[in-house]
Amino acid sequence: GDGSSCGQLSGRGVCQDVLISNSTLGSQFTFVGVDDRENWPVVFYNRTCQCLGNFMGYNCADCKFGFRGPNCSERRRLIRKEIFRMSSAEKNKFIAYLNLAKHTISSDYVIATGTYAEMNNGSNPLFADINVYDLFVWLHYYASRDVLLGEDAIWRDIDFAHEAPSFLPWHRYFLLYWEHEIQKLTGDENFTIPFWDWRDAQGCDICTDDLLGGIHPTNSTLLSP
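This is a predicted model, so every value here is computed, not measured.

What about the UniProt feature "domain: Tyrosinase copper-binding" (unreviewed entry) in the protein chain?
Sequence positions flagged by UniProt for "domain: Tyrosinase copper-binding" (unreviewed entry) are, in local numbering, residues 162-179. With 72% helix and 0% strand, the stretch residues 162-179 has end C-alpha atoms that lie 20 Å from each other.

Okay, here's the thing in structure tokens:
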């Protein structure tokens, strides 16, 4: 917003080289230099914004979770609601926001539609626009897909977003960021995503047509029309 990289003139952040861990890989992963996610993100770029204070985002223009205001100095606390305790108006707003996200192209992000190798070391860029909702579908897919080993071989032993210690922190950040992007899209900084308390559920209580979609009446492997 001040015309400088990473908002440096405003003290929001600085542009610097990406620092990655130089720790050795575990013995279970013996493949190096093939998968795009190794030493992320230097396969695609090697400088990025290091945000300062309570600022965050790819350009340090956003406030960290739990803060707001022009200088990101005002603390805020948002409480997520159990989905079955939402009023009809709250539920309708939630669905409307999701529909808006599904039909709005992200103004900030594109997605890679090919591997770095397929991009011929970057000389043949393969990127596409994506809507705000599908961006997060893609992020989840990209983090959890099988590992590329080269020569069309893949490795299915570990899904790094789920079958590893990062499962809880990765998904907590994922949901916070999704919530944040919908707040920005709608201008509703008080929006929160609901949660489903499934501890005593005997089945998929939220699998109904007015929530995530019911089960097809004649084919249990499909969603309701």
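Text resumes after the structure shown.
Topic: the packing of aromatic side chains
The final tally for this structure, using the stated rule, is 12 aromatic pairs. Where Phe-94 meets Phe-191, the ring centres are 6.3 Å apart and the plane angle is 20°; that geometry is what we call stacked. Remark: Phe-191 occurs in the segment after α3 (167-186) and Phe-94 occurs in helix α1 (residues 88-102); sequence separation between them is 97 residues. The same class applies to Phe-94 and to Phe-191, which are both buried. Clustering of aromatic rings is evident, with ring pairs tying together Phe-65, Phe-136, Trp-170, Tyr-173, Phe-174 and Tyr-177.

Description of the packing of α1 against α3
Helix packing geometry: the angle between the two helix axes and the distance between the axes. Contact geometry of α1 with α3 gives a least axis separation of 10 Å together with a crossing angle of 85°. Judged by the inter-axis angle, α1 sits roughly perpendicular to α3. Along the contact surface, α1 presents Tyr-97, Leu-98, Leu-100 and Ala-101, while α3 presents Trp-178, Ile-182, Leu-185 and Thr-186. Taken together, the residues of the contact of α1 with α3 break down into seven nonpolar, one polar and no charged.

Quick notes on the pattern of salt bridges
Taken as a whole and judged by the stated rule, the model has 13 salt bridges. Arg-37 serves as the salt-bridge partner of Asp-35, at 3.0 Å between the closest nitrogen and oxygen. The pair formed by Asp-35 and Arg-37 is uniform in burial state, with each residue classed as buried. Overlapping salt bridges bring together Asp-62, Asp-108, Glu-181 and Lys-184 as one network.

Examining the state of the cysteines
For the structure on display, the rule yields four disulfides. Covalently, Cys-51 is tied to Cys-60 through a disulfide, its sulfur atoms 2.2 Å apart. Because the torsion about its S-S bond is -95°, the bridge between Cys-51 and Cys-60 counts as left-handed. Judged by relative accessible area, Cys-51 falls into the buried class, the value being 18%. Taking relative accessible area as the criterion, Cys-60 reaches 0% and is therefore assigned buried.

Cut-offs applied
Residues numbered from 1 in each chain as written. Predicted model: local features only at pLDDT ≥ 70, side-chain atom pairs only at ≥ 80, totals over all residues. Heavy atoms only, no water. UniProt positions renumbered as here; feature names shortened; annotations may be inferred. Helix = DSSP H or I, 4+ residues; strand = E, 2+ residues; numbered from the N terminus. Phe/Tyr/Trp six-rings, centres within 6.5 Å; stacked < 30°, edge-to-face > 60°. Buried < 20%, exposed > 50% of the residue type's maximum accessible area, 1.4 Å probe, protein only. Axes fitted to C-alpha atoms, helices over the stretch in contact; angles between N-to-C directions. Parallel < 35°, antiparallel > 145°, perpendicular 65-115°, else oblique. Contact = heavy atoms within 4.5 Å. Nonpolar A, V, L, I, M, F, W, Y, C, P; charged D, E, K, R; others polar. Salt bridge = Lys/Arg side-chain N within 4 Å of Asp/Glu carboxyl O. Disulfide = S-S within 2.5 Å.

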